[in-house]
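Summary of structural features
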Amino acid sequence: FFFVCAGTRAFYRLRLSPMSTDASDSVAFHLYLDPSQDGLGDGPERQLARCREARDAWAAQLLPWLASHVWEREPLQLWVWDPADSRTHGRGRRGGGGDEDSPAEEAHVWGRLSVGGSVHDEWVVVAALLRLTGSEEGVSATLRDGDGELLLIEAAYSLPDWLTPENAPNRAFLRGGALHLLPPSPEDERRGSAGPLSASEGLSRLRRVCAGLRCGAAVRVGGVASRPELNGRRGTVVVEESEAGRLGVRVEGLEEALSLHRRSLSLVAEGGRPAASLQPEATSALSRRVALLCDGPDGLPLRHTAAALLPLPAAQLLSSQPQLAAAACAAFEERTAQGLERAAAAQALHRNAPWTRVGVTLSRSAFARLSALRFAAPAAAKPPAALAAAAPASADLGAKLGLGLALLLLRGGGGG
């Protein structure tokens, strides 16, 4: 009973504070709501209230889908960023991307999670943001990891030549389920160079562009797979956007207006320059990556379930808190000699407990890493010889997870 209760306490502590403070293994994202169009204005309190409502609605939309995903370090959680309350964004300043992860100074929804070595967790976050921005009108998102602009790194071969690592910050946004880039302004072109934008400046420019898709607006078509001959042509909006995200556009060279999705249109500023550049090829690259890594029937990465031979208290703990298996795996991978010695001493307290096999679910990458580790288990972590001989793989997995659980308990204040 003590083992289970202490383990549950450690588990929830880990959910609230990451196992690693290294910003290089974390992902940070920010979701911004466009100002409301109801004429009531958006004062600070009302904007915070809108963000809280959006956070709750998005959590209700995402969390049932994500419930079966095995996070290696931290689960995805949504928070409200209040620019007037530093307690709401102290974690964000430690997010992936360092100083470049300073968001726009307005209330918004955000999140940060440590992903360790799991590329799958990163791309589950990308998939979640594509879902949210594709299904919600007037929502823009940014995403960075420890290497910088994760979206641009993946889509590097599809990006325009003017984009460089120096000018990339705050020029890339997800909106409408697609990647958008903010190209250099006329002033930048006259200077011959474009620098990075602040988050507030980039968001403001993106909103101005998206608000410009009104009747009479000049647009450029792109990313229409069913009629590629339209891509690159200019046109004029003649019917404003419907609830399905489609607009009526009279395309040059055609007599009748076409119904085109907003993802296929970019506003053209004076002089023919695109005010914001939709990136259909880059968006396709992101979608392919998501499909490759989130390859399960539920749109999440496939998991691996294996049998582990453990003392009964540890088996009960993993049965009641399945996500602890991933946390135990991470704790074992980060073990130190001193920590391992203490964990073995803690396990010795359960030397006489019965042993049993329990099914544990891990990500495929975590299971592969754990299985590949060569490790001579201390006597306290080994099952009786007859059980180990009958199921050596289960005994090896159980020894590693059992020590990982003991390390978690010690870290979480469970004593032994």
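For the structure, see preceding data.
Before going into details, it helps to say that this report is about the structure given with it. (Residues numbered from 1 in each chain as written. Predicted model: local features only at pLDDT ≥ 70, side-chain atom pairs only at ≥ 80, totals over all residues. Heavy atoms only, no water.)

Considerations on the environment of Cys51
- Tracing the sequence through the fold places Cys51 in helix H2 (residues 44-66).
- For the pair Cys51 and Val80, spaced 29 residues apart in sequence, the C-alpha separation works out to 6.5 Å.
- Contact partners of Cys51, with chain neighbours within four places excluded, come to Leu33, Val80, Ala107, His108 and Val109. (Helix = DSSP H or I, 4+ residues; strand = E, 2+ residues; numbered from the N terminus. Contact = heavy atoms within 4.5 Å.)

Quick notes on the sheet that holds strand S7 (residues 218-221)
- The strand order across the open sheet formed by 5 strands is S10-S9-S8-S7-S11, and the pairing between neighbours is antiparallel. If you trace the sheet from one side to the other, it starts and ends with strand S10 (258-261) and strand S11 (265-267), each paired once. Sheet twist, expressed as the mean angle between neighbouring strand axes with direction ignored, is 50 degrees.
- Direction of pairing for strand S9 (residues 246-251) relative to S10: antiparallel, over a ladder of 4 bridges. Looking at S10, one finds that Leu247 is bridged to Leu260. (Pairing = 2+ DSSP bridges. Axes fitted to C-alpha atoms, helices over the stretch in contact; angles between N-to-C directions.)

Focus on the packing of aromatic side chains
- This structure, assessed with the given rule, holds 2 aromatic pairs.
- When the centroid spacing of 5.5 Å and the interplanar angle of 85 degrees are considered together, the rings of Trp81 and Trp110 count as edge-to-face. A residue pair is termed long-range when its members are at least 10 positions apart, and Trp81 in strand S2 (residues 79-81) and Trp110 in strand S3 (residues 108-114) qualify at 29 residues.
- Measuring from centroid to centroid gives 5.0 Å for Phe332 and Phe375, while their planes differ by 85 degrees, and the two rings are edge-to-face. One end of the pair, Phe332, is in helix H9 (residues 324-333); the other, Phe375, is in the loop between helix H11 (364-372) and helix H12 (385-390), with 43 residues separating them in the sequence. Here Phe332 and Phe375 have matching classes, each one buried.
- A cation sits over an aromatic face here: Arg131 above Trp65, 3.7 Å from the ring centre. (Phe/Tyr/Trp six-rings, centres within 6.5 Å; stacked < 30°, edge-to-face > 60°. Buried < 20%, exposed > 50% of the residue type's maximum accessible area, 1.4 Å probe, protein only. Lys NZ or Arg CZ within 6 Å of the ring centre and 35° of its normal.)

Keep in mind these numbers describe shape, not what the thing actually does.
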